Amino acid sequence: MKRERAEKELEITLERAEEALSARKNLMLNSVVQGSTFPDLRGKCAEIIGKMDFEVYPIGAVVPLLENYKYKDVVDIVMASVANLPPSRPRHLMGAGHPMVFALAVAMGCDLFDSAAYILYAQDDRLMMPTGTYKLKDLSEMPCSCEICNNYTPDDLKGMKKEQRIKLLAQHNLNISFAEIRKIKQAIIDGNLLELVEQRCRAHPYLLDALRNLKNYTELLEEYDPEYKNSAFFYSGPESLNRPEIFRHQKRIKRLPQKERVLLLPSFKKPYSKTIKNILTNFGREKEHNLENLGNFYKINDETENRNENDSNDSLQIAVVDVPFGIIPLEIDEVYPLAQNEAPSSMDEDSKKFVRDAIQEYIENFKEVIISEDIIKKFDLSVDLENFDINNLKLNFDDKEKIKYIADYQFGGGAGKALFYGDIHIVKSRKTGKIRHVYDKNELIATLRASDGIFVLSLCGAKRLHDHLEYPKNRVVVNSDAEPFAREGKSIFAKFVIDIDINIRANEEVLIVNENDDLLAFGKSILNSREIKDFKIGQAVKTRKGGK
Ligand SMILES: [Zn+2]
């Protein structure tokens, strides 16, 4: 469609939306996002009808694109639409009926599908699968485990009357479609939907195009990506580098304290810090750290800057370089997903470049960079090198420093100092040796959760963070109706929230305050800030403990 016509038709859509609202009475209504293949028109349409009170927002006119495998364009259209639609209302991808696209569509924010595809494909003697389509005439085996495919052979089906065959093929197509929806729901619960999307998008080169196009929307996807998940991050190919978790880490690493020197170590078995300490003492056989166990090291010679000769070990940052997260300062190596991820040991070129860029960006802020020979070889770094005697270094592994880093990474710069002052006392797990609780004398400040390495606050910790973080950082503000319930430790419902820190994601530790910014309680966000603002029903924050 030409733009001029798309603009004209969009005007009619908007006029009719208004008309429909004035005539609705008690009817529930949907209003369709139109705008043809022009993402800006789609965005504009979504923004206007999104502010009107419709129950469901379908995204229309995508069938011709789906039929022609223009999945890449579908990504632009859907993302332009959902970015401007209210998150509390379901989005319906009209006419999307092939299970191949369900996971991608859900990852983009679509909730509903409707389609006659299951019967249309059956009438055409075709079997839909999440990985593509089979023509019955080409099959000598049934490629599925549903009851139809278990009970009939392709020859049985081919020999049947058309009417009966259509019924059975349609039943298979429905079985496989619903199975895919169930799989997607489970992936959402497990927190690995994008891994399913990556698998599905390898079924067709044009779906792979769509997946690669999704990288242009990582920032928006990150907003809706829960901070901490039950499942590990699995790298399935270069497209995994565009996942929200990696984008988030690149941003959050900037929250950490800046030191003057950095020592870059190659990756070891996770958790890195434990393995490195083992290697330094030759797996416990030596008492003293022997840095030569770590291999050869060089100093990066940067002519453009006047290096400050500084031997103070207080300002040495140790970081590990690994795929796919790039730079991992050792203090935060156990925070999700930096320890909870797996990537193949044989590296692809995209990962190599990604990590090389991450190294270049990271080392710019240091006056002195000491780097392992392994890293230079592995990532083809071309830098000017000077020999460096590793025995000149003294490595400190300070738990008090570590807890501050984790808090900064989790809550923002300076949070560590704000939380952990006084007579700090760290209690470790006897079994694993990991940090468990942090106290000021006898008062618990926070507990480090073993599964994802993040801090869960105590009342004392929440108070300290509240004192330190400026309004509205990390806060969910509730109205006076909800205040008594919040103080009792009851969960916070979205409709009582009157303001919120826009940076809050799902599964984050948050502070619950009233309009005067008095701390009422604290807990874990169930939704992200945009959703909490928009939802009128349902829980927003699971409160951990009553306030004062
Ligand atoms: Zn089947």
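This write-up is about the structure you can find in this document. All residue numbers refer to positions counted from 1 along the written sequence of the respective chain. Restriction of local features to residues with pLDDT of at least 70 applies here, the model being predicted, together with a cutoff of 80 or more for giving and counting side-chain atom pairs; totals for whole chains, interfaces and linings are based on all residues. Side-chain measures here rest on the full set of heavy atoms in the structure, leaving out hydrogens and waters.

Our next topic: the pairing of strand E22 (residues 519-525). Of all the seven residues making up E22, six are buried; the element is thus mostly covered by neighbouring parts of the structure. Where strand E21 (residues 509-513) lies against E22, five bridges are found, and the strand directions are antiparallel. Within the sheet, the bridge partner assigned to Leu511 lies in E22 and is Phe522. In this scheme, a residue with accessible area under 20% of its type's maximum is buried, one over 50% is exposed, and one in between is partly exposed, where area comes from a 1.4 Å probe on protein chains only. A run of H or I in DSSP becomes a helix once it reaches four residues, and a run of E becomes a strand once it reaches two; helices and strands are each numbered from the N terminus. Two strands are counted as paired when DSSP detects at least two bridges linking them.

It is worth spelling out a negative patch on the surface at this point. A cluster of like negative charges, contributed by Glu11, Glu15, Glu18 and Glu19, occupies part of the molecular surface. Inspection of the secondary structure puts Glu19 in helix H1 (residues 3-23). Nonpolar side chains (Val, Leu, Ile, Met, Phe, Trp, Tyr) within 5 Å and like charges within 9 Å form the patches, drawn only from residues with over 30% relative accessible area and no salt bridge. Computed by Shrake-Rupley with a 1.4 Å probe, the accessible areas treat only the displayed protein chains as cover when residues are assessed. For salt bridges, the criterion is a side-chain nitrogen of Lys or Arg within 4 Å of an Asp or Glu carboxyl oxygen. Residues scored as positive are Lys and Arg, those scored as negative are Asp and Glu, and His as well as the terminal groups of each chain are ignored. Where a charge lies is defined by one atom per residue type: Lys uses NZ, Arg uses CZ, Asp uses CG and Glu uses CD.

If you walk through the whole model with that rule in mind, you get 40 salt bridges. Notably, a salt bridge pairs Glu198 with Arg243, separated by 3.1 Å at the nearest N-O pair. Note that Glu198 is positioned in helix H10 (residues 193-200) and Arg243 in the loop between strand E6 (233-234) and helix H13 (244-252), a separation of 45 residues in sequence. For the pair shown, Glu198 and Arg243 are each scored as buried.

For helices, the fitted line uses only the C-alpha atoms of the stretch in contact; every axis is such a line through C-alpha atoms, and the angle between N-to-C directions lies from 0 to 180 degrees. Close contact between helix H5 (residues 99-108) and helix H9 (residues 162-190) brings their axes to 9 Å; oriented N to C, the two are set at 25 degrees. Between H5 and H9, the interaxial angle falls into the category roughly parallel. Crossing handedness for the pair H5 and H9: right-handed. Where H5 abuts H9, its residues Pro99, Phe102, Ala103 and Val106 lie against Ile176, Ser177, Glu180, Ile181, Ile184 and Ile188. Broken down by class, the residue content of the contact of H5 with H9 amounts to eight nonpolar, one polar and one charged. Relative orientations are named as follows: roughly parallel for angles under 35 degrees, roughly antiparallel for angles over 145 degrees, roughly perpendicular for angles from 65 to 115 degrees, and oblique for any other angle. By the definition used in this description, the sense in which the near helix is turned from the far one sets the handedness, with an anticlockwise turn below a right angle giving left-handed and a clockwise turn giving right-handed. Whether two residues are in contact is decided by their heavy atoms, any of which lying within 4.5 Å being enough. The nonpolar class holds Ala, Val, Leu, Ile, Met, Phe, Trp, Tyr, Cys and Pro. Asp, Glu, Lys and Arg form the charged class, and all remaining residues, Gly among them, are polar.

Moving on, we get to the sheet that holds strand E2 (residues 91-94). One open sheet holds the three strands; their spatial order is E1-E2-E3, and the pairing between them is parallel. Each end of this open sheet is capped by a strand with a single partner; those strands are strand E1 (57-59) and strand E3 (112-114). Taken pair by pair, the neighbouring strands of this sheet meet at an average axis angle of 30 degrees, ignoring direction.

Let us now look at the environment of Cys460. Counting through the fold element by element, Cys460 comes out in helix H19 (residues 459-468). Using a relative accessible area of 9% as the deciding quantity, one classes Cys460 as buried. The sequence separation of Cys460 and Gln539 amounts to 79 residues, and the corresponding C-alpha distance is 25 Å. Beyond its immediate chain neighbours, meaning those up to four positions away, Cys460 contacts Glu443, Leu444 and Ile445.

With that out of the way, let us pick up empty space enclosed by the protein. Points on a 1 Å grid over protein atoms alone make up a cavity when a 1.4 Å probe fits among them but cannot get out, and a pocket when they form an open set with protein on both sides within 12 Å along at least five of seven lines; lining residues each have an atom within 4 Å of a point. Grid points are joined across faces, edges and corners, and a volume is the space filled by probe spheres set on the points. Following the criterion strictly, the structure yields four cavities of 30 Å³ or more and no others. As for the largest cavity, its lining consists of Leu194, Glu198, Leu211, Leu214, Lys215, Thr218, Leu221, Glu239, Asn242, Arg243 and Pro244. Of all the secondary-structure elements, those providing two or more residues to the lining of the largest cavity are H10 and helix H12 (218-223). Grouping the amino acids of the lining of the largest cavity by side-chain chemistry returns five nonpolar, two polar and four charged. Of the voids in this model, the second largest cavity is the one considered here, and its volume is about 80 Å³. In terms of lining, the second largest cavity is formed by Glu227, Tyr228, Glu245, Arg248, His249, Arg252, Tyr336, Pro337 and Tyr409. In terms of residues, the lining of the second largest cavity owes the most to one element, H13, which gives four residues. By residue class, the composition of the lining of the second largest cavity is four nonpolar, one polar and four charged.

This part takes up the nonpolar core. Nonpolar cores are built from buried Ala, Val, Leu, Ile, Met, Phe, Trp, Tyr and Cys residues. Side-chain atoms within 4.5 Å join them into one set. Core analysis: the biggest nonpolar cluster contains 79 residues, and Leu263, Leu264, Ile359, Phe420 and Phe455 have the highest contact counts within it. Setting aside residues no more than four positions away along its own chain, Ile359 makes contact with Leu264, Val321, Ile327, Ile375, Phe379 and Leu381. One finds Val62, Leu66, Cys110 and Leu221 within the second-largest nonpolar core, a separate group that totals 53 residues.

This brings us to the coordination of the zinc ion. Every protein donor of the zinc ion is accounted for by Cys144 (SG), Cys146 (SG), Cys149 (SG) and His172 (ND1), and the metal-donor separations fall at 2.1 to 2.4 Å. Here the donor residues of the zinc ion share one chain and are spaced in sequence as C-x1-C-x2-C-x22-H. As far as burial versus exposure is concerned, Cys144 and Cys149 are alike and both buried. Note on donors: an N, O or S atom is included if it sits within 2.8 Å of the metal, or within 3.2 Å for Na, K and Ca, and water is never included, so sites can look incomplete.

Strands sit in the order E14-E15-E16-E17 across an open sheet of four strands; the sheet is antiparallel. Looking at the sheet topology across the chains shown, the edges are occupied by strand E14 (424-428) and strand E17 (455-457). For this sheet, the mean inter-axis angle between neighbouring strands, taken without regard to orientation, is 25 degrees. As defined by bridge partners, E14 adjoins strand E15 (residues 435-440) across five bridges and the pair is classed as antiparallel. Residue Lys428 lies in a different strand from E15, and its bridge partner there is Ile435.

Turning our eyes to something else, we now look at the layout of surface pockets. Estimates place the volume of the largest pocket at around 1,400 Å³. Lining the largest pocket we find 45 residues, and of these Ile188, Tyr224, Asp225, Pro226 and Glu531 sit closest to its centre. Looking at the lining of the largest pocket, the elements with two or more residues in it are helix H4 (71-82), H5, H9, H10, H12 and H13. A per-element tally of the lining of the largest pocket places H9 first, with four residues.

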